[in-house]
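# Results of the structural survey
These are the residues of each chain, in order.
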There are 2 protein chains.
Amino acid sequence: MQDTVKRFKAHLAKMHAYSHAMGVLYYDSETAMPKGGVEGLGATIGVMSEESYRLSTAPELKEMLRTLNENKDALDMVTRREAEEMAEELSRMEKIPMEEFVAYQVAQNEAGNVWRQAKVNNDFAAFAPHLEKLIGYQRKFAGYIHPEMKAYDALLDQYEKGLTMETLDAYFKNVREKLVPLIHAIAERGRKIDTSFLDKEFAVEKQKQLSDHIMKVMCIDRSFCAIGETEHPFTTNFNKRDVRITTHYYPESLLSSFYSVVHEGGHATYELNTGDDLFGSPLGGGASMGIHESQSRFFENIIGRSREFIGLVYPKLMELFPEELKGVTEEMLYLAANRSEPSLIRTEADELTYSLHIMVRYELEKQLIGGTLTVKELPEKWNALYKEYLGVDVPDDSRGVLQDTHWSGGMFGYFPSYSIGSAYASQIYDAMMKEMDVPALVKEGKLQPVIDWLTEKIYRFGCLKKPGELIENACGAAFDPGYYTDYLKEKYSAIYGL
Amino acid sequence: MQDTVKRFKAHLAKMHAYSHAMGVLYYDSETAMPKGGVEGLGATIGVMSEESYRLSTAPELKEMLRTLNENKDALDMVTRREAEEMAEELSRMEKIPMEEFVAYQVAQNEAGNVWRQAKVNNDFAAFAPHLEKLIGYQRKFAGYIHPEMKAYDALLDQYEKGLTMETLDAYFKNVREKLVPLIHAIAERGRKIDTSFLDKEFAVEKQKQLSDHIMKVMCIDRSFCAIGETEHPFTTNFNKRDVRITTHYYPESLLSSFYSVVHEGGHATYELNTGDDLFGSPLGGGASMGIHESQSRFFENIIGRSREFIGLVYPKLMELFPEELKGVTEEMLYLAANRSEPSLIRTEADELTYSLHIMVRYELEKQLIGGTLTVKELPEKWNALYKEYLGVDVPDDSRGVLQDTHWSGGMFGYFPSYSIGSAYASQIYDAMMKEMDVPALVKEGKLQPVIDWLTEKIYRFGCLKKPGELIENACGAAFDPGYYTDYLKEKYSAIYGL
């Protein structure tokens, strides 16, 4: 047994090396590579992923996993979970016939290329047959992997273990009932928040200094976390001592990079505080998309858009931009950072309306995978839901059903985790508030106790616990979507004087 | 045969992927990685280099090489040279017993760590036993690989194929006889070139714009070449469509990054213009250290420090730094860029005195490997040669014999290629001038004909030709060190009014 454990760990380390190398190749391609590098990169990624695939399906790994899983009780917790996870992953890969998987990869690649063009040309008809194909594959794969589940539940489970339509139906019902009327009431109230004082040029060099300051305020040790620049901000990590966040600096938008850094900083904080015992393990990293998003949105919205946080960074803002922000008060900034307005594009949505964008996608995905909606009917249905929930008219498919990349990559079941993350965050915040006065701590610039609490309840476990267990562990209760809508209702009623 | 060629090319492509991945990991670690990433990086590089080693010594490769080299005449030129190169490399690796190679790697790693500390502590005695060990290994390895050669000739051959002590003795004799008196004469002449007008702060953002401008002037297509920032500037390339140069911006030194970009831009120009038929091949890249250095120094010194080039970039300099450079003329800049002063540190040496720093190292290496100088005697001998050639007193070993990293990495025979590169450049320049008026072209900002000439004579061949063949091809004659000293004598006599 000891020998098997040793060989297993060596195998994991090797797999980790390939994912590390591919991660760096990807990060480099987004941040540093000249665009001509794409051809050579493709060839190299091809060789690396082939070897990585070979390792994760190797007969010797299968044999090790059999031995380990037959002797579970003799294993420490980390090794046991590693063996479970790997066996699950392996069985998932084996359930899909190789030829179908390869054919799917080709279809996915084609769909991606067609979608990019279709978005530019506002040409949903060109994309439709590809989307149909991908939906067909995803339904089939769901059946292979979890024949006992409904297809869409099986897809949801991939991204957020244990998440089902039952949970999401209740969740979005609550969102619909509480937030749609609130958003309509705000629209009727007609109060406009002034943000014109931010229509200035904010020097990128100064914005970079602001990023450094935010990282310091968030207690992020820069020895383990770098900031890069990319078109779309993201976070990636190769291990807990090498985390990278990226941002995009727009001279004309001070708040864009500011909140990107706070958001990605939240993702980074999670990764940086996973347990040392998980270093280099496949369990060393966030538990799920939803839990990850809960942390980025906790820092971005609940902390970062609070009066106290604005007050905390206000002096630095005034120091960096004394001319640009002359006469701007903390309250003016607070309101500007929390302006809510129904819009067309998900990635630009504010805290309040964001989940309605997700709800549109959830309802459509559920029906597409469930077979009660055809691809042909999709754009019309999309536009109708945007009108119903957000009150906006979709002028064209480019700014409608073609806006996101996810479906063209076959990612069905991914969107809900974006919204569920915000809901987790509110419930976690409520539990945290029972033990400490978070706004008072933020006001004093003491974020470390908040991070320590989250580390104790969530971060240190990496992937050892499932999303549901982590919520129970942090909140002492199962997931309850009410916290989220209560939080938003209270906050936005105050801001808009309802 | 066709089947063997196909398998051989696939094997090369795989090897290339690993070196690409390791190259990006290295580049990323120097430019982007937070310092905490070093632990995880070590593990990943370990896995990658193990696999890379396995590939380059694989029995199937050996068998392919046997078939290919037995049927040379049936192969196209590129494949033939690839098979020759790989077979040579393989035989080199096989000649060193594995245990000794591993022991050497350990010794080298230790020596590197001790040297870093010894340099900080000015403690040559701590480093000496490690240096002795490395010299012992290198002598032994030289004997294994080329038992028919003198040990130091075998080491020189590693970095510059065909370069021998015989050539270098003649080369440095000329350098010593021509340049040492010139440098002494300049010192006696006592003329001081004023550079005090550069003692200003030059905003890094503006320096970055200057880098972009220099790249444009050098006709470098940025789709294939990126600029990064590192402590020590370097150039690396993953293929001819993904070349990276780096620089270091010092606000207080305008010329530092300026000439780093021109120098590294020269290396990049070489890589970017290798033949398309060598894309992804082990032959796709510079032919040798010396030829590579000839190109960086050609652009940095012969072109970049010419009156015409200064005139060419002068308007941009004045546009970027109108206040800082108020009243500064082209002539003042030209003189400042060409000030010569004997100094202690090789990496900071000027064009004229640089080769004397190399000559010190050459003479010491030759004797250390040849067995006529002991490690114990080394510092004293170092200091004596600095006094003799450069007229400077070495105050301590940190600024003397401990200054360079090369010996701590076991790199004996590497230094001469730095100097020989400058000498190649002068001879190449002379040949080029017979066909076009280079200063006139530079004055008009037309560098493309210069690059085209170099591409035709040198760049396109990658590693297809050996250094000596490339010089013959470009100059129509064998290497002749006289061009170099003539060039320097003429240039510096004029500048210093001798």
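The structure contained in this document is the topic of the report that follows. (Residues numbered from 1 in each chain as written. Chains lettered and ligands numbered in written order. Predicted model: local features only at pLDDT ≥ 70, side-chain atom pairs only at ≥ 80, totals over all residues. Heavy atoms only, no water.)

## Regarding the overall build of chain A
In terms of regular secondary structure, chain A is built from 20 helices and 3 strands. A globule of 498 residues ought to have a C-alpha radius of gyration of about 23 Å, and chain A, at 23 Å, matches this closely. Its C-alpha atoms put chain A at 70 × 50 × 50 Å along the principal axes. A total of 498 residues make up chain A; the buried ones form 55% of that total. A sequence separation of at least 24 residues applies to 73% of the contacts in chain A between residues at least 6 apart. (Helix = DSSP H or I, 4+ residues; strand = E, 2+ residues; numbered from the N terminus. Rg over C-alpha atoms; globule rule 2.2 N^0.38 Å. Buried < 20%, exposed > 50% of the residue type's maximum accessible area, 1.4 Å probe, protein only. Contact = heavy atoms within 4.5 Å.)

## Some words on a nonpolar patch on the surface
A cluster of nonpolar side chains, namely A:Tyr53, A:Met98, A:Val102 and A:Val106, defines an oily patch on the protein surface of about 330 Å² accessible area. Along the chain, the position of A:Met98 falls in helix α5 (residues 98–121). (Patch = residues over 30% accessible without salt bridge, like charges linked within 9 Å, V, L, I, M, F, W, Y side chains within 5 Å. Areas by Shrake-Rupley, 256 points an atom, 1.4 Å probe, with all protein chains shown as cover. Salt bridge = Lys/Arg side-chain N within 4 Å of Asp/Glu carboxyl O.)

## Some remarks on the pattern of salt bridges
All names here are of chain B. Evaluated as defined, the whole model comprises 77 salt bridges over all chains. Linking Glu85 and Arg81 is a salt bridge whose minimum nitrogen-to-oxygen distance equals 3.2 Å. You can see Glu85 and its partner Arg81 sitting in helix α4 (residues 77–95), 4 residues apart, about one turn around the helix. In this structure Arg81 comes out as buried when scored by relative accessible area, which is 11%. A salt bridge links Glu85 to Lys161; the nearest nitrogen and oxygen atoms lie 3.4 Å apart. Of the two residues, Glu85 sits in helix α4 while Lys161 sits in the loop between α7 (151–159) and α8 (165–189), which places them 76 residues apart along the sequence.

## Details of the relation of the copies chain A and chain B
Superposition record for chain A on chain B: RMSD 0.1 Å, screw rotation 179°, translation along axis 0.0 Å. As the rotation angle and translation indicate, the two copies are arranged about a two-fold axis. The overlap is high: 100% of the interface residues of chain A also sit at the interface in chain B, so the same surface is used on both sides. (Least-squares fit on C-alpha atoms with pLDDT ≥ 70 in both.)

## Topic: the interface of chain A and chain B
Contacts between the two partners involve 34 residues from chain A, matched on the other side by 34 residues from chain B. The three residues of chain A that bury the most area against chain B are A:Pro34, A:Val47 and A:Ser223, which together make up 16% of that side's buried surface. The interface formed by chain A and chain B holds 4 salt bridges in total. Residue B:Arg244 pairs with A:Asp28 through a salt bridge whose shortest N-O separation is 2.6 Å. Across the chain A-chain B interface, the total number found is 13 residue pairs in polar contact (both at pLDDT 80 or more). Secondary-structure elements contributing two or more residues to the side of chain A that touches chain B are α1 (2–31), α2 (38–56), β1 (225–229) and β3 (242–247) of chain A. For the side of chain A that touches chain B, the element with the highest residue contribution is α1(A), accounting for 9 residues. For the side of chain A that touches chain B, the residue count by class is 17 nonpolar, 7 polar and 10 charged. (Buried area = accessible area lost by both parts, 1.4 Å probe. Polar contact = N/O pair within 3.5 Å; in protein donor to acceptor, adjacent residues only side chain to side chain. Nonpolar A, V, L, I, M, F, W, Y, C, P; charged D, E, K, R; others polar.)

## Things to note about the environment of A:Ile420
Relative to the assigned elements, A:Ile420 resides in helix α16 (residues 415–433). Ignoring sequence-local partners within four residues, the contact set of A:Ile420 consists of A:Leu163, A:Leu168, A:Tyr171, A:Gly290 and A:Phe479.

## Here's the deal with the nonpolar core
Counting 139 residues, the largest nonpolar core has B:Phe298, B:Phe299 and B:Leu454 as its most contacted members. The next biggest cluster of nonpolar side chains, apart from the first, holds 138 residues, and it includes A:Met215, A:Val261, A:Ala337 and A:Leu378. (Core = buried A, V, L, I, M, F, W, Y, C linked by side-chain atoms within 4.5 Å.)

## A short note on the pairing of strand β2 (residues 235–239) of chain A
Residues and elements named next belong to chain A. Here β2 pairs with β3 via 4 bridges, running antiparallel. Directly across from Thr236, in β3, lies its bridge partner Arg244. A loop of 2 residues connects β2 with β3, the two strands running antiparallel in sequence. (Pairing = 2+ DSSP bridges.)

## Brief notes about the side chain of B:Asn174
Residues and elements named next belong to chain B. The topology assignment puts Asn174 in helix α8. Under the relative-accessibility criterion, Asn174 is labelled buried at 11%. Side-chain polar atoms of Asn174 contact the backbone oxygen of Pro481, separated by 3.3 Å. Ignoring any residue separated from it by four or fewer positions in sequence, one finds Asn174 in contact with Leu179, Pro481, Gly482 and Thr485.

## What to know about the sheet that holds β1(A)
Residue and element names in this part refer to chain A. The mixed open sheet is built from 3 strands, whose spatial order is β1-β3-β2. The open sheet terminates on both sides in strands that have one partner only, identified here as β1 and β2. Strand-to-strand, the axes of this sheet are offset by a mean angle of 20°, without reference to chain direction. Bridge analysis of β1 against β3 gives 5 bridges, and the strand direction is parallel. Residue pairing in the sheet places Ala226 in a bridge with Arg244 of β3. Packed onto the sheet, helix α10 (residues 254–272) meets β1, β2 and β3 and runs at close to 165° relative to β3. (Axes fitted to C-alpha atoms, helices over the stretch in contact; angles between N-to-C directions.)

## With respect to the sheet that holds strand β1 (residues 225–229) of chain B
All names here are of chain B. An order of β1-β3-β2 is seen for the 3 strands of this open sheet, with the pairing classed as mixed. What marks the edges here is a single partner per strand, and that holds for β1 and β2 (235–239). Shown here is a sheet whose adjacent strand axes are inclined to one another by a mean of 20°, direction ignored. In the packing of helix α1 (residues 2–31) onto the sheet, contacts are made with β1, β2 and β3 (242–247), and the angle to β2 comes to roughly 145°.

## Topic: empty space enclosed by the protein
Residues and elements named next belong to chain B. In the structure shown here, the tally under the stated rule is 7 cavities of 30 Å³ or more. Its boundaries defined by the atoms lining it, the largest cavity holds a volume of some 80 Å³. For the lining of the largest cavity, the secondary structure elements donating two or more residues are α11 (289–303), α16 (415–433) and α20 (482–495). Here the residues of the lining of the largest cavity are counted per class, giving 6 nonpolar, 3 polar and 2 charged. (1 Å grid on protein atoms, 1.4 Å probe; cavity = no way out; pocket = protein on both sides within 12 Å on 5 of 7 lines; lining within 4 Å. Points joined across faces, edges and corners; volume = space filled by probe spheres on them.)

## Things to note about helix α11 (residues 289–303) of chain A
Residue and element names in this part refer to chain A. Relative to the 21 Å expected for 15 residues at 1.5 Å per residue, α11 spans 20 Å between its end C-alpha atoms, a close match to the ideal helical length. Judged by how many residues are buried, α11 sits mostly within the fold: 15 of 15 residues are covered. With a side-chain oxygen positioned 3.4 Å from the backbone nitrogen of Gly290, the residue opening α11 is Ser288. (Expected span 1.5 Å × (residues − 1).)

## Considering the packing of α1(B) against helix α3 (residues 59–70) of chain B
All names here are of chain B. It is at 10 Å that the axes of α1 and α3 come closest, and there the two elements cross at 135°. The angle between α1 and α3 places the two elements in the oblique class. Our pair here, α1 against α3, has a crossing hand that is left-handed. Counting all contacts with α1, which are made through Thr4, Val5, Arg7, Phe8 and His11, the residues of α3 involved are Glu60, Leu61, Glu63, Met64, Leu65, Thr67 and Leu68. (Parallel < 35°, antiparallel > 145°, perpendicular 65-115°, else oblique. Left-handed = near helix turned anticlockwise from the far one by under 90°.)

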